Amino acid sequence: MKKPDVPARETIAPSDLTFGLSTCKRCLWLKYWFKFELKKEFPLVKPLADSQEEHFRRASMQDIDPSLKEGVVKQWGQWVKSAPIKINGFETRWKILGIYDLLGHYTDGSVGIIDCKVSDSDRDNGPFYAPQLEAYAHSLENPDKGKPFPVSSMGLLIWKLAGVTETAQSELASNSHGFGVNKVYVPVERDTARFSAILEELITTIEGGMPDSGPECNVCNYLVKRAELQID
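What counts and what doesn't
- Residues numbered from 1 in each chain as written.
- Predicted model: local features only at pLDDT ≥ 70, side-chain atom pairs only at ≥ 80, totals over all residues.
- Heavy atoms only, no water.
- Patch = residues over 30% accessible without salt bridge, like charges linked within 9 Å, V, L, I, M, F, W, Y side chains within 5 Å.
- Areas by Shrake-Rupley, 256 points an atom, 1.4 Å probe, with all protein chains shown as cover.
- Salt bridge = Lys/Arg side-chain N within 4 Å of Asp/Glu carboxyl O.
- Helix = DSSP H or I, 4+ residues; strand = E, 2+ residues; numbered from the N terminus.
- Buried < 20%, exposed > 50% of the residue type's maximum accessible area, 1.4 Å probe, protein only.

A. Seen up close, a nonpolar patch on the surface. Taken together, the side chains of Leu161, Val164, Phe179 and Val181 present a nonpolar region at the surface, about 450 Å² in accessible area. Among the secondary structure elements, those contributing two or more residues to the nonpolar patch are β9 (151–167) and β10 (176–187). Relative to the helices and strands, Leu161 is located in strand β9.

As structure tokens, this is what we get:
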């Protein structure tokens, strides 16, 4: 199949800076040129994440974590879009487009990005998610339209499972139990040089020819093995 004259997408998803480059560059390339990707279903993730986000709306930033400056969560679940990205001084066709979870407004006029996670993964750490959060920060500081916001903090707000715990009584049961969680705030340090390098790598990847599949890509390996089957 011939490569189209223009990509099927016009914007870069912040999550691709974290997950796209670290999994399979061929799948990433196909996503941007043909909108071809395997949809993943995680039935519990969205309602859990929505509940977490709703719980911390209008919360004090210091209630989220004492290390944060004085401020309040005033915005949540909003789209941000950057101005065209420049690489080595040249403007590209690409813009960043994504939705942040929570945005705290500090009394000094700056803002803090908070990305909500319900997980117990070893990769729930600052360096792994930093490019995704940097993408939101870049879009807020370099918006396609409107007023820029200086970003002074980024962090992950993680709910980790903490076993079964007793919950409030309900109409159906006088003694109810459910899963408990522990709240963990993980600060994410800004590293604009690393972010620029990752952004350049992603744009170079999707602007080039179709890459080879990643050796650990389950999707590519499945498709190759399926094509090799000879079934009578």
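So that's the structure; there's more coming.
B. Spotlight on unusual backbone geometry. One non-glycine residue, Lys35, lies in positive phi territory at about 55°. With respect to the helices and strands, the residue Lys35 is situated in the loop between α2 (25–34) and α3 (45–55). In this model, Arg58 sits at a positive phi of 65°, which is unusual for a non-glycine residue. Along the polypeptide, Arg58 turns up in the loop between α3 and α4 (61–64). Taking relative accessible area as the criterion, Arg58 reaches 62% and is therefore assigned exposed.

C. Broad picture of the pattern of salt bridges. Within this structure, the stated rule accounts for 9 salt bridges. Between Glu207 and Arg93 there is a salt bridge whose closest N-O contact spans 2.8 Å. With Glu207 in helix α6 (residues 192–207) and Arg93 in the loop between β5 (90–91) and β6 (95–99), this residue pair connects regions lying 114 residues apart in the sequence. Looking at Arg93, the relative accessible area reads 44%, which means it is partly exposed. Overlapping salt bridges bring together Glu134, Glu141 and Arg190 as one network.

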